[in-house]
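# An overview of the molecular structure
One letter stands for each residue in the lines below.
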Amino acid sequence: MLYLALSIFILFLINLLLIYSAKRVFQVCKSENVEVNISIIIAAKNESRNIRQLLEALQNLDYPSEMYEVIIVDDNSTDNSFNILNSQIVSLKNFSAFELRNENKIGKREALSFGISKAKYPFILITDADCRPQTNWLKACSKNFSLGHFMLFGIAPFYQDEGFVNKISCFENLRSTFLSISMASIGLPYTAAARNFGFTKEAFNAIGGYSQTNDTISGDDDLLLREAVKKNLKIGIVTDANSFVYSDTKKTFKEYLNQRARHTKTSLHYLKKHQLVLGFWHLLNLFFLLSPILMLFNFLFAILLPAKLVIDFFINTVFQKIPGYKFSMAERFYLQIFYDALLVVHFFNASFSKIKWK
């Protein structure tokens with residue numbers, strides 16, 4: 001009985017630390033708003049369906065147009081993305097578009113690197129072509145840059161609907177956001193969504209750009225963050241209201257699994273200290289999830305899973321409000337089980353299947 005109580009206490013204590021760390025990040029920063037010149041860089045490949053919505057969101061940013069520029073690099077699209085893009089930005093003085101094929105290059109890293117080389121401002125923000133930043137995005141990031149951060153990342157939720165794949169994706173996003181922000185708050189930043197990511201051009205050049213991030217076909221964001229951690233660069237977390245960057249989830253379970261496999265494969269190249277901490281955390285949760293099996297040896301193991309689900313339910317209830325998610329009481333329970341179980345699926349999928357990239 002003592003070791004069961006100790007297990008629950010350890011899980012509770014770790015979650016308490018994570019909750020405290022995450023809540024601290026969301027405390028309002030009272031520093032003065034400082035507007036700096038920012039270059040937004042976007043790599044686009046076959047995004048004809050999303051270009052118009054992206055441009056509309058970027059034009060609606062609450063920021064002086066003369067203080068930011070938008071550079072969109074078409075990564076060898078086979079649809080009419082570039083033609084749509086050119087026609088939409090013809091009257092926008094702070095928007096420009098380039099075709100990567102003219103540089104005889106291919107790939108997202110090459111597109112982003114090329115865009116950064118064209119940037120005229122020292123502060124860089126990255127997002128994806130299928131994303132829509134909220135109106136306060138630039139102001140919040142600008143304030144964060146002015147605090148002396150060389151790299152920063154913000155919150156990147158999904159639009160929520162009633163589809164099952166969407167619910168799983170949104171719930172995973174909720175849990176991963178909570179964990180990544182908590183870890184960063186205690187000095188262990190390990191992941192950053194490219195949808196809401198920034199750095200100074202000085203820092204980008206200091207870590208060799210994307211040259212050290214070729215471990216996987218994706219993961220340019222997480223691995224760039226890894227290189228910044230190696231250099232002990234000051235990293236900020238942007239959590240201001242209306243500064244999130246939203247996007248849609250994958251539509252099919254196959255697409256979802258492939259996306260998660262890419263992300264999981266990238267995690268195999270995290271720094272060892274991050275792998276150890278994350279490994280311990282996920283194994284501890286899996287132990288609680290699978291504890292009913294141990295009832296064959298001692299019926300008291302039956303208390304472990306309910307104890308975990310109650311703790312998780314509290315976290316999910318408190319933090320789902322931040323990105324605007326609305327999960328029912330039942331969903332906050334059963335999606336937590338799906339989330340923990342799918343971590344195993346993603347690990348084996350990343351380890352043994354062929355990862356596809358568009």
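Bear in mind that the values here come from a model prediction, so they are computed numbers and not experimental data. (Residues numbered from 1 in each chain as written. Predicted model: local features only at pLDDT ≥ 70, side-chain atom pairs only at ≥ 80, totals over all residues. Heavy atoms only, no water.)

### Some words on the packing of aromatic side chains
Rules: Pairing of aromatic rings covers Phe, Tyr and Trp, the last counted by its six-membered ring, and requires centre-to-centre distances within 6.5 Å; plane angles under 30 degrees mean stacked, over 60 mean edge-to-face, and any other angle means tilted.
Overall, the coordinates contain 18 aromatic pairs when judged by the stated rule. With centroids separated by 5.2 Å and ring planes inclined at 70°, the aromatic side chains of Phe204 and Tyr210 adopt a geometry described as edge-to-face. Three or more aromatic residues link up through ring pairs in this structure, and these residues are Phe171, Tyr325, Phe327 and Tyr339.

### Observations regarding helix H12 (residues 329-352)
Note the cut-off: Each helix corresponds to a stretch of at least 4 residues labelled H or I by DSSP, and each strand to a stretch of at least 2 residues labelled E; elements are numbered beginning at the N terminus. Here, expected helix span is obtained from the residue count minus one, scaled by 1.5 Å. At any given residue, the bend is defined as the angle formed between two axes, one fitted to the seven residues that end at that position and one fitted to the seven that begin there. Any residue under 20% of the maximum accessible area for its type is buried, any over 50% is exposed, and the rest in between are partly exposed; the area is computed with a 1.4 Å probe on protein chains only. We call two residues in contact whenever any of their non-hydrogen atoms come within 4.5 Å of each other.
Spanning 24 residues, H12 covers 35 Å between terminal C-alpha atoms, matching the ideal 34 Å at 1.5 Å per step. The largest bend in H12 amounts to roughly 25° and is located at Leu342. Here H12 has its buried residues at Glu331, Arg332, Leu335, Gln336, Tyr339, Asp340, Leu342, Leu343, His346 and Ala350. Where the residues of H12 are buried, they touch helix H6 (164-185), helix H9 (253-267), helix H10 (272-289) and helix H11 (304-319).

### Side note on the pairing of strand S1 (residues 38-44)
Let me state the cut-off plainly: When DSSP locates at least two bridges between a pair of strands, those strands are taken to pair.
Burial runs high along S1: seven of the seven residues are buried. Burial along S1 is two-sided: the residues Ile38, Ile40, Ile42 and Ala44 and Ser39, Ile41 and Ala43 are all buried. As paired elements, S1 and strand S2 (residues 68-74) share seven bridges and run parallel to each other. Paired with Ser39 across the two strands is Glu69, which belongs to S2. Summarising the sheet, S1 and strand S4 (residues 123-128) pair through six bridges and their orientation is parallel. Across the sheet, residue Ser39 finds its bridge partner in S4, namely Ile124.

### Overview of the pattern of salt bridges
Heads up, the rule is: Any carboxyl oxygen of Asp or Glu within 4 Å of a side-chain nitrogen of Lys or Arg constitutes a salt bridge here.
Applying the stated criterion across every chain, the model contains 14 salt bridges. Among the salt bridges present, the one from Asp62 reaches Lys139, with a minimum N-O distance of 3.2 Å. On the criterion of sequence distance, the pair formed by Asp62 in the loop between helix H2 (51-59) and S2 and Lys139 in helix H5 (residues 137-146) is long-range, its members being 77 residues apart. According to the relative accessible area criterion, Lys139 is partly exposed, its value standing at 30%. The salt bridge partner of Glu331 is Lys167, with a shortest N-O separation of 2.9 Å. Taken together, the residues Glu331 in helix H12 and Lys167 in helix H6 connect sequence positions 164 residues apart. With a relative accessible area of 7%, Lys167 lands in the buried category. A network of salt bridges, in which partner residues are shared, links Arg175, Lys308, Asp312 and Asp340.

Structural measurements only, silent on function.
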